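Remarks on the overall topology
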Amino acid sequence: MKNDKGARHVLIMTATIDPSAFKCNKISTTSCEAIVQLRLNQYLSAIKFYIQESAFTDIIFVENSLYEFDYKKYEDMAQAVGKTFEYLPMKLSERQLGFMNIMAKTYGEALLIDYAMRNGKAVAESDEIYKVTGRVLLKNSDKIIRRARKGVSEAICLHSLDLLKIFPCCKHYMGYIIQTVFFKVTKADYFAVLGKDIDYYENLLATKHGKYLIIERLWYELAKENRLKIYGFKCYPDLSGNRGSVDMAYDKNKVGLFFRNILCKFGYYSLKS
């Protein structure tokens, strides 16, 4: 999708190409190479999709295993259609690696988002930022962007009843969450509330209370405490791909999307006061 000159729509893609780079991920040496190659191909396909077929104008790919790939190819691909592609390799500190052993996926995600928000060149030039999990495709980005509310954060906020359908064996996830597979955040909201102090997350993880406090639940609680307004999208994000941790598809059938779009119109997925 060629970019017409005008507003910029920045997308952060979070990624871990080689999960074996972290001790917390138990992958056998026999399967490691195949898993890494599969993940790499999925990430590269997603990058190509967002450059060529999405309505986003600036794509930031932030990755924390420092796996080398030909990112220059995607810089050129983006430039050819009037877009930008930015590769941000993130090297974790020894302290951060230690916390990864406590809660790898959710903590690692928080770090990736924060690193991109603070270091992305395109972020510095935009007031609103979209984020997607790196191997997931957002098929209706044009509708999402066209119907977006200006100057406010938008996401899908889920109730515990919705969560049990996604994580039936994880009762400790009970409560409200902000879904982080895809969302839009204003820089003002992020730096005032959600990313005000990344050490806050580490302090919580170091206590018994924070042991199971996933980023989605933490952000919801922070938003509530700070009276942050987060609206549900006006149309439901049409996502394609699998949840890596539970191997469940994000894809919704037409009937499921139809009813979710109706709920969006009534503000069902907004942050409840």
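As the structure is a computational prediction, the values presented were derived from the model and not from experiment. (Residues numbered from 1 in each chain as written. Predicted model: local features only at pLDDT ≥ 70, side-chain atom pairs only at ≥ 80, totals over all residues. Heavy atoms only, no water.)

**Some words on the overall build of the protein chain**
Scanning the protein chain from terminus to terminus reveals 11 helices and 13 strands. Here the protein chain, with 273 residues, has 52% of them falling under the buried criterion. Intrachain contacts of the protein chain at a sequence separation of at least 6 include 78% that bridge at least 24 residues. For the protein chain, the accessible surface area stands at approximately 14100 Å², while carbon and sulfur atoms represent 53% of it. (Helix = DSSP H or I, 4+ residues; strand = E, 2+ residues; numbered from the N terminus. Buried < 20%, exposed > 50% of the residue type's maximum accessible area, 1.4 Å probe, protein only. Contact = heavy atoms within 4.5 Å. Areas by Shrake-Rupley, 256 points an atom, 1.4 Å probe, with all protein chains shown as cover.)

**Here we look at a nonpolar patch on the surface**
A grouping of Val255, Phe258, Phe259, Ile262 and Phe266 is seen on the molecular surface, where their side chains present a nonpolar patch of about 570 Å² in accessible area. Locating Phe259 in the fold gives a position in helix α11 (residues 254–265). (Patch = residues over 30% accessible without salt bridge, like charges linked within 9 Å, V, L, I, M, F, W, Y side chains within 5 Å. Salt bridge = Lys/Arg side-chain N within 4 Å of Asp/Glu carboxyl O.)

**Topic: the nonpolar core**
Nonpolar side chains tend to gather and get buried jointly when the protein is soluble and globular. Grouped together as the largest cluster of nonpolar side chains are 45 residues, with contacts concentrated most on Met13, Tyr50, Ile51, Phe61, Phe85 and Phe182. Contributing elements (two or more residues each) for this core: β1 (10–15), α1 (29–53), β2 (58–63), α2 (71–80), β3 (84–89), β4 (128–133), α6 (141–146) and α11. A per-element tally of this core places α1 first, with 10 residues. Beyond its immediate sequence surroundings of up to four residues, Ile51 is in contact with Met1, Ile59, Tyr74, Met77, Ala78, Val81, Lys83 and Phe85. Within the second largest apolar cluster, 37 residues are counted, among which are Phe22, Met90, Leu218 and Tyr220. (Core = buried A, V, L, I, M, F, W, Y, C linked by side-chain atoms within 4.5 Å.)

**Digging into a positive patch on the surface**
Among the surface-exposed residues, Lys143, Arg146, Arg147 and Lys265 lie close enough to one another that they form a single positively charged patch. Take Lys143: it is sitting in helix α6. (Lys, Arg positive; Asp, Glu negative; His and termini not counted. Charge placed at Lys NZ, Arg CZ, Asp CG, Glu CD.)

**Side note on the confidence of the model for the protein chain**
The predicted model of the protein chain averages 86 in pLDDT, with 82% of residues at 70 or higher. Per-residue pLDDT stays below 50 along residues 163–173; that stretch engages in 14 contacts with residues further than four places along the chain or on separate chains. (pLDDT = per-residue confidence, 0-100.)

**Some points on unusual backbone geometry**
Positive phi, normally seen in glycine, also occurs at Leu66, with a value near 60°. With respect to the secondary-structure elements, Leu66 resides in the loop between β2 and α2. Given the relative accessible area of 40%, Leu66 is considered partly exposed. Here the phi dihedral of Arg227 falls at roughly 55°; this positive angle occurs in a residue that is not glycine. Considering the arrangement of structural elements, one finds Arg227 in the loop between α10 (215–225) and β10 (230–232). Overall, Arg227 belongs to the exposed group, its relative accessible area being 78%.

**Considerations on the pattern of salt bridges**
This structure, assessed with the given rule, holds nine salt bridges. The partner of Asp58 in a salt bridge is Arg8, and the shortest N-O contact between them spans 3.0 Å. Taken together, the residues Asp58 in strand β2 and Arg8 in the segment before β1 connect sequence positions 50 residues apart. Overall, Asp58 belongs to the buried group, its relative accessible area being 5%.

**Comments concerning the packing of aromatic side chains**
We describe a pair of aromatic rings using the distance from one ring centre to the other and the angle between the two ring planes. Applying the stated criterion across every chain yields a total of 18 aromatic pairs. On the numbers, 5.8 Å between centres and 70° between planes, the contact of Tyr43 with Phe61 is edge-to-face. Taken together, the residues Tyr43 in helix α1 and Phe61 in strand β2 connect sequence positions 18 residues apart. Here Tyr43 matches Phe61 in class, with each residue buried. (Phe/Tyr/Trp six-rings, centres within 6.5 Å; stacked < 30°, edge-to-face > 60°.)

**As for the environment of Asn119**
Relative to the assigned elements, Asn119 resides in helix α4 (residues 104–119). Take Asn119: its relative accessible area is 39%, and that puts it in the partly exposed class. Spatially, the C-alpha atom of Asn119 lies 8.1 Å from that of Leu88, the residues being 31 residues apart in sequence. Once you skip the residues sitting within four places of it in the chain, Asn119 turns out to touch Glu86 and Leu88. Looking at Asn119, its side chain comes within polar contact range of the main-chain oxygen of Tyr115, at 2.8 Å. (Polar contact = N/O pair within 3.5 Å; in protein donor to acceptor, adjacent residues only side chain to side chain.)

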